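What follows is each chain in one-letter form.
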Amino acid sequence: MPRSKKFRRARLIVIVLVVLLVAGVGYGGYRGVTAVRASFPEVDGSVKVAGLSAPVDVKRDANGIPQLYADTAEDLFRAQGYVQAQDRFWEMDVRRHITAGRLSEMFGDGQVDTDAFIRTMGWRQVAQKEFDTKLSPETKKYLQAYSDGVNAWLAEHPGGEKASLEYALLGVVNSGYKPEQWTPVDSVAWLKAMAWNLSGNLQEEVDRSLLAQDFGPDKIAELYPEYPYSRNGTIVKTGTVSGDTYRPADGSTPSGAAPGSATAQGAATTKALMQGLTDRIDAMPQLLGRPGQGIGSNSWVVAGSHTTTGKPLLANDPHLGPGLPSVWYQMGLHCRTASPACQFDVSGFTFAGMPGVVIGHNKDIAWGFTNLGADVTDLYLEKVTGPDTYQVDGKDVKFDLRKETIKVAGGEDRTITVRTTQTGAPLISDQSTEQQNVGRYAPNGSSAPDRGTGGYGVALQWTALSPGKTMDAVFELDRARNWDDFRSAAKDFAVPAQNLIYADAKNIGYQAPGVIPVRGKGDGSMPAPGWDSTYQWKPDPVPFTALPWSLNPSSGYIVTANQAVVDQGYKYSLTKDWEYGTRAKEITDQIEGLLKNNGKISPDDMQNLQLDNTSIMAKTLVPLLLKQQIDDPYVREAQDLLKDWNYHQDADSAAAAYYNGVWRNLLGLAFGQKFPADIRAKDNCLLVRQQDDPTKPDSSSRIVTQCGTRDPGKAQPDGGDRWTEVVRAQLDKPDSSWWTYIDSQHKEQKGLDNLLKEAMKNARQDLTSLLGKDVSTWSWGRLHKLELREQTLGTDDSSIASGVVHKLLNRGPYRLSGGSAAVDAAGWNAAAGYQVDWIPSMRMVVDLNDLDSSRWVNVGGASGHAFNDNYNDQTDLWLKGKLLTWAFTPDAVEKATKHKLVLATG
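Source: prediction; values computed, not measured. (Residues numbered from 1 in each chain as written. Predicted model: local features only at pLDDT ≥ 70, side-chain atom pairs only at ≥ 80, totals over all residues. Heavy atoms only, no water.)

Undergrad: Mind showing me how you'd approach the pattern of salt bridges here?
TA: A side chain of one charge can pair with a side chain of the opposite charge when the charged atoms of the two come close. Taken as a whole and judged by the stated rule, the model has 41 salt bridges. Across the pair Asp364 and Arg481 runs a salt bridge whose closest N-O atoms are separated by 3.8 Å. With a gap of 117 residues between them, Asp364 in the loop between β10 (359-362) and β11 (366-371) and Arg481 in the loop between α15 (470-478) and α16 (483-491) connect regions that are remote in the sequence. Given a relative accessible area of 24%, Asp364 falls into the partly exposed group. With a closest N to O distance of 3.3 Å, Lys398 and Asp388 form a salt bridge. Placement of the pair is Lys398 in strand β15 (residues 395-398) and Asp388 in the loop between β13 (384-386) and β14 (389-392), with a sequence separation of 10 residues. Looking at Asp388, the relative accessible area reads 27%, which means it is partly exposed. Look at the salt bridges and you will find they share partners, linking Asp93, Arg96, Arg124 and Asp186 into a network. (Salt bridge = Lys/Arg side-chain N within 4 Å of Asp/Glu carboxyl O. Helix = DSSP H or I, 4+ residues; strand = E, 2+ residues; numbered from the N terminus. Buried < 20%, exposed > 50% of the residue type's maximum accessible area, 1.4 Å probe, protein only.)

Undergrad: Looking at this structure, I do not really get the sheet that holds β15. What am I missing?
TA: Remark on secondary structure: sheet strands pair via backbone hydrogen bonds, oriented parallel or antiparallel. One open sheet holds the three strands; their spatial order is β13-β14-β15, and the pairing between them is antiparallel. Edge positions in the sheet fall to β13 and β15, since each of these pairs with one other strand and no more. Each strand axis lies, on average, 45° off the axis of its neighbour in the sheet, ignoring direction. Here β14 runs beside β15; their pairing, made up of four bridges, is antiparallel. Looking at the pairing, Thr389 lines up with Lys398 of β15. (Pairing = 2+ DSSP bridges. Axes fitted to C-alpha atoms, helices over the stretch in contact; angles between N-to-C directions.)

Undergrad: Mind showing me how you'd approach the sheet that holds strand β19 (residues 498-503) here?
TA: The sheet built from 11 strands is open, its strands ordered β1-β35-β2-β3-β8-β9-β10-β11-β19-β20-β22 with mixed pairing. Looking at the sheet topology across the chains shown, the edges are occupied by β1 (45-49) and β22 (549-551). Going across the sheet, the axis of each strand differs from the next one's by a mean of 15°, ignoring polarity. Note that strand β20 (residues 508-511) and β22 share three bridges and pair antiparallel.

Undergrad: Please clarify how the state of the cysteines should be interpreted in this entry.
TA: As used in these notes, a disulfide is a covalent bond between sulfur atoms, one from each of two cysteines. Under the counting rule described, the total for this entry stands at two disulfides. The disulfide partner of Cys335 is Cys342, and the gap between their sulfur atoms is 2.0 Å. One quick way to see it: the torsion about the S-S bond of Cys335 and Cys342 is about -85°, and its sign makes the bridge left-handed. A disulfide bridge connects Cys685 with Cys707, and the sulfur atoms are separated by 1.8 Å. Note on the Cys685 and Cys707 pair: the S-S dihedral is about 105°, so by sign convention the disulfide is right-handed. Linking Cys685 in strand β24 (residues 685-691) with Cys707 in strand β25 (residues 701-707), this pair joins segments that are 22 residues apart in sequence. If the cysteines joined by disulfides in the protein chain are listed in sequence order, their pairing comes out as 1-2, 3-4. (Disulfide = S-S within 2.5 Å.)

Undergrad: Explanation requested: the layout of surface pockets in the structure shown.
TA: Where empty space is left can be seen by rolling a probe of water-molecule size over the atoms. As a volume, the largest pocket reaches approximately 1300 Å³. Surrounding the largest pocket, 41 residues form its lining, Gly672, Gln673, Asn684, Cys685 and Leu686 being those nearest its centre. For the lining of the largest pocket, the secondary structure elements donating two or more residues are α14 (433-441), α21 (654-670), β24, β26 (741-742) and α23 (752-771). Of the residues belonging to the lining of the largest pocket, the class tally is 16 nonpolar, 14 polar and 11 charged. (1 Å grid on protein atoms, 1.4 Å probe; cavity = no way out; pocket = protein on both sides within 12 Å on 5 of 7 lines; lining within 4 Å. Points joined across faces, edges and corners; volume = space filled by probe spheres on them. Nonpolar A, V, L, I, M, F, W, Y, C, P; charged D, E, K, R; others polar.)

Undergrad: Can you walk me through the side chain of Thr421 in this structure?
TA: With respect to the helices, strands and loops of the structure, Thr421 is situated in the loop between β17 (414-420) and α14. Polar contacts involving the side chain of Thr421 include one to the side chain of Thr423, which spans 2.9 Å. (Polar contact = N/O pair within 3.5 Å; in protein donor to acceptor, adjacent residues only side chain to side chain.)

In structure tokens form, the structure reads like this:
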């Protein structure tokens, strides 16, 4: 539906307002500067906060990172809510509208499709059930205290007045909008967004279905090769499962009794999630980056026997989508005096809008996360037989129906009908064009009911829409004192399934947590037949006691970088779509090299390893490229850049620029040319032969231009870790049909050598157009750029934000080193271009010998206020691979304090 005239006019007003504001800031205009600074938080002095039982100290360092000191746990979390609202309330407000499917209330009809998806999946309803029925009384008390703190701040800024620049902009467009009171469910619901972005193999399941329209099972299998267990290894050596108890295979030392079973969490694993692979979801702010495979992380922990400090060292850098403000919020939460009623002394990274600390350390233990990648989502093809019925085991059964009304700022309300199967899976094809194509093309077997002219309906099951206890787990981690406490907390960590690494002064460990389904028939790699009940999930998930773990392995270190957790000998199926282990193998090799050469690993070694930007695939591919006889001196000049290249993807490297250009063109020629439009990028247009009447094989045909339909950032081949394995396997087959391509003269060519030459020629032309003729001026960073974009206002076409607004709030571009399958994982999508689309969103190194010697850095900064000194003050450090000193003990925090605010009793 076209945007209303009111919103179009208001958009112009916003542009004028911003121009005036920029002029005011740029030239010292009093009103412009005042309007911006009015939203900055008070960081010195004293303010009254209703509900506190005693004063709370808020100590901020030069980077604006707050450390909170309170006498009771409830005061601590009430203060956390107040302080986070000071820095990030606009972000928090937008996030809760995302998770509730209420963006249209803020931004108008451009967000209706996004809201419809969220409402279909019922994120908010599940969060409410979680709060009502699953969480402990103590957790509910902390969540309520946090909400009270947010609302105490909101009482000082009624209606968002002077709350942030964004509210001023929104007010011009939507003057009737007023922020509501914060609730505990607003905090819990954010876990659904986090889980969605880390939801495993849903993208692979969708893509395999769409590929089936053009390729048979053997060809699809070549595009999804088996995990290279022998080359890249697993996180832990696969142990045994006796009954439902996992026993590690190598050197792990048991410590106390194993935590109890998680069956109470797992009784309901048959809810579902919207998929993020539809064109409808593009308008949604990508606060955690694009979901699915490729979004990974690095973490590793080294035992004290192998470190220069004599105590364990732990490193972590989660890979998420870039944006401003940063997805992470750094802070410390400290009870002044430890007691049974106040057990928190913790510091680390959390999310604005959520109490507690998600990743970090307390006074006794440290922990980190990477995405386990477990297959916790399944698509189901449904034979829809009527408006409210579908078929199961040959009989018609009724959908559960509910209506959702979406309120639209500046427009009319919209009402949608949500159809849900008896297993609790919403019919997402009702809202998604791409899922309708899945219903048309997905393989269905010989005994399937007729597909019909419109295809099957597509429903989706997802563990995150069963109420769980993850919020309990966050508080349990924050106050854990040892390995047993850590495992007990992990037991409650339902979604998203993560690799948890652990360290205390004497031990290192690993635990795989999460609700992971046990399937009937099928393996989750392709859509399952919903009309056959034998494909439904079993009532109970994999028992927690059967999930892999390791304590003090004989190797003396543990590496998790989204590789396979265990090999195929493990009793349960966790997924068939692991990341392929390139980063994990490189980290492991580097650790082994350091131990061999130096004997010990230092904190500096841990930090430097996070910056390893080596292209492992280049070590295989470059020798083949250099063997090619290139006659054209113009192309040969670029080829020569690869001679003596060290495979490092430094921002100033011309060789890295050319290699990645060749890699992108290789993928496009070998695979992109052959893929259906549903998977190709929108600007990827090919000449194809099309029959006039597809139902008649002998009908006449003609050549037409066919463009891709997918958002470029989600298109294939994306060039990530999987594609290194696909290409590696095909390099051994120089006559593979994948090496057949159409050249620039629209002629068919065959063979690996010819394709490599064509890729090198095309890359020379591409980089000349982008970087100029003189190869000596080329650099990877000129191609591989990062722009930190304000995410909450959406894109120019889907929100109130105009280009000029984004220029006001965005930062960059920055020239980056690294690459998609490198340890320094500055990811880019080869089907879209060279722009960076996911990054190490933060970095940390924890020193268990001296917690005050630990180090951390965030992308962006602590503040969500665009012109605050701490809005983007850490990015330059992050770009250079530097880390900030991470003060923790009271004396160290006091020494680092630049601003002190006392939250007084109201």
